[in-house]
Amino acid sequence: LEAAGTYLKGIEHYTYWVMPGHSVVAAPWYGMFGPGLVSTRMLSVMAGLAALLCWISVIHKLTGDRSIALVALLLMAIDSNVLILASTGLADMLSAAFGAAALAAYLSLRENHLHWALFCGHACAVASGLTNPIGGLVAVPSLILLQLSYDRHRLRWRQMVPIALAYLIGGAAWSAYILRSPELFWTQFSGNSAGRLWPLKSPLLALRREITDRLLPAYGMLPDA
């Protein structure tokens, strides 16, 4: 990447312009299968498969009906957004896989190992956010909603320890990398995120664009889609 004249100052030494999760997973993946376009896309394919398998577990736990889980799997597997994100090589599908794993881990462990359910669930939610911030914004409240729905009577202050530990570990790991060059971090990260917080100022416009620019084209409901 050519950094001259862009916010990617120092990119030849440190990568701060995106969240670190995808790069951390891609490094050993390339070590096993080599770098390249096909390898990069296959990482997204495998993440998509993992996400679908996690969702089977989640839906089966929620409904107790395996047939419902299989129907949901079929519908998700042919969804245009899933197919696109599972083949582009971007961080989105890996983040979604971590988010689905957060819910699956919690629901699978909560009955017999509540502490581990809380830690593993929130650790996966942290990984989702550290891969793509939107993933974390979906995974964390979804996980908290499940906790309050299923285990609000079992939760005590001591259960906050495994939850906090997950966020402390994730925050400490990323902070350690940021502290290698805080100036480059601010230049790259703020440059890439500039202009992305406008929905907070214009929520109604953001909602309209979400529908017209994302949902309708994704499902072929516009003439030029």
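Before any of the text, the structure's been laid out above.
(A) Structural context of the overall build of the protein. Counting secondary structure elements, the protein contains 10 helices and 0 strands. Walking the protein from its N terminus toward its C terminus, one meets helices and strands in the order α-α-α-α-α-α-α-α-α-α. On C-alpha atoms alone, the protein measures out to a radius of gyration of 19 Å, which is about the 17 Å that the 2.2 N^0.38 rule sets for 225 residues. In the protein, buried positions account for 35% of the 225 residues. Counting only contacts in the protein whose residues sit at least 6 apart along the sequence, the fraction spanning at least 24 positions is 66%. Taken as a whole, the protein presents about 13,800 Å² of accessible surface, with 69% of it coming from carbon and sulfur. Positive and negative side-chain charges of the protein, numbering 15 and 11 respectively, have mean locations separated by a distance of 10 Å.

(B) Region of the structure containing helix 9 (residues 182-193). The terminal C-alpha atoms of helix 9 lie 16 Å apart, and with 12 residues this matches the ideal 16 Å at 1.5 Å per residue to within 8%. Taken together, the buried positions of helix 9 are occupied by Leu184, Phe185, Gln188 and Asn192. Viewed along the axis of helix 9, the buried residues span an arc of 105 degrees, placing them on a single side of the element. With respect to the buried face of helix 9, the exposed residues turned more than 90 degrees away are Glu183 and Trp186. Along its buried surface, helix 9 packs onto helix 8 (160-178). Gly195 sits one or two residues past helix 9 and shows a positive phi near 80 degrees.

(C) Spatial organisation of the packing of aromatic side chains. Summed over the entire model, instances satisfying the criterion amount to 9 aromatic pairs. Ring centres of Tyr14 and Tyr177 lie 5.9 Å apart, and the angle between their planes is 65 degrees; this geometry places the pair in the edge-to-face category. Remark: Tyr177 occurs in helix 8 and Tyr14 occurs in the segment before helix 1 (21-33); sequence separation between them is 163 residues. By relative accessible area, which is 25% here, Tyr177 ends up partly exposed. On the basis of an interplanar angle of 45 degrees and a centroid distance of 4.8 Å, the ring pair of Tyr16 and Tyr177 is categorised as tilted. Taken together, the positions of Tyr16 in the segment before helix 1 and Tyr177 in helix 8 put the pair 161 residues apart, joining distant regions of the chain. An aromatic cluster of three or more residues is present, and its members are Tyr14, Tyr16, Trp174, Tyr177, Phe185 and Phe189.

(D) Examining a nonpolar patch on the surface more closely. Residues Val38, Met42, Val45, Met46, Leu49 and Leu53 make up a contiguous nonpolar surface patch of about 510 Å² in total accessible area. If you trace the backbone, Leu49 turns up in helix 2 (residues 37-63).

(E) Quick peek at the nonpolar core. Ranked by internal contacts, the top residues of the largest apolar core, which has 19 residues, are Tyr106 and Leu118. Secondary structure elements with two or more residues in this core: helix 2, helix 5 (92-109), helix 6 (114-131) and helix 7 (133-151). Counting residues per element, this core draws most heavily on helix 5, which supplies 7 residues. The residues contacting Tyr106, other than those within four sequence positions of it, are Leu114, Ala117, Leu118, Leu143, Leu146, Gln147 and Asp151. By size, the runner-up hydrophobic cluster in this structure holds 8 residues, among which are Tyr16, Met19, Val126 and Leu130.

(F) Region of interest: the pattern of salt bridges. All chains considered together, the criterion is met by 5 salt bridges. Salt-bridge contacts for Arg110 lead to Glu111; the nearest nitrogen and oxygen are separated by 3.9 Å. We classify Arg110 as buried; its relative accessible area is 12%. Close ionic contact of Arg214 with Glu210 constitutes a salt bridge, the shortest N to O distance being 3.4 Å. In this pair, Arg214 and Glu210 are both assigned in helix 10 (residues 203-218), 4 residues apart and thus about one turn of the helix distant. Connected through salt bridges with shared partners, the residues Arg110, Glu111, Asp151 and Arg154 form a single ionic network.

Definitions and cut-offs
- Residues numbered from 1 in each chain as written.
- Predicted model: local features only at pLDDT ≥ 70, side-chain atom pairs only at ≥ 80, totals over all residues.
- Heavy atoms only, no water.
- Helix = DSSP H or I, 4+ residues; strand = E, 2+ residues; numbered from the N terminus.
- Rg over C-alpha atoms; globule rule 2.2 N^0.38 Å.
- Buried < 20%, exposed > 50% of the residue type's maximum accessible area, 1.4 Å probe, protein only.
- Contact = heavy atoms within 4.5 Å.
- Areas by Shrake-Rupley, 256 points an atom, 1.4 Å probe, with all protein chains shown as cover.
- Lys, Arg positive; Asp, Glu negative; His and termini not counted.
- Charge placed at Lys NZ, Arg CZ, Asp CG, Glu CD.
- Expected span 1.5 Å × (residues − 1).
- Arc of directions from axis to C-beta.
- Phe/Tyr/Trp six-rings, centres within 6.5 Å; stacked < 30°, edge-to-face > 60°.
- Patch = residues over 30% accessible without salt bridge, like charges linked within 9 Å, V, L, I, M, F, W, Y side chains within 5 Å.
- Salt bridge = Lys/Arg side-chain N within 4 Å of Asp/Glu carboxyl O.
- Core = buried A, V, L, I, M, F, W, Y, C linked by side-chain atoms within 4.5 Å.

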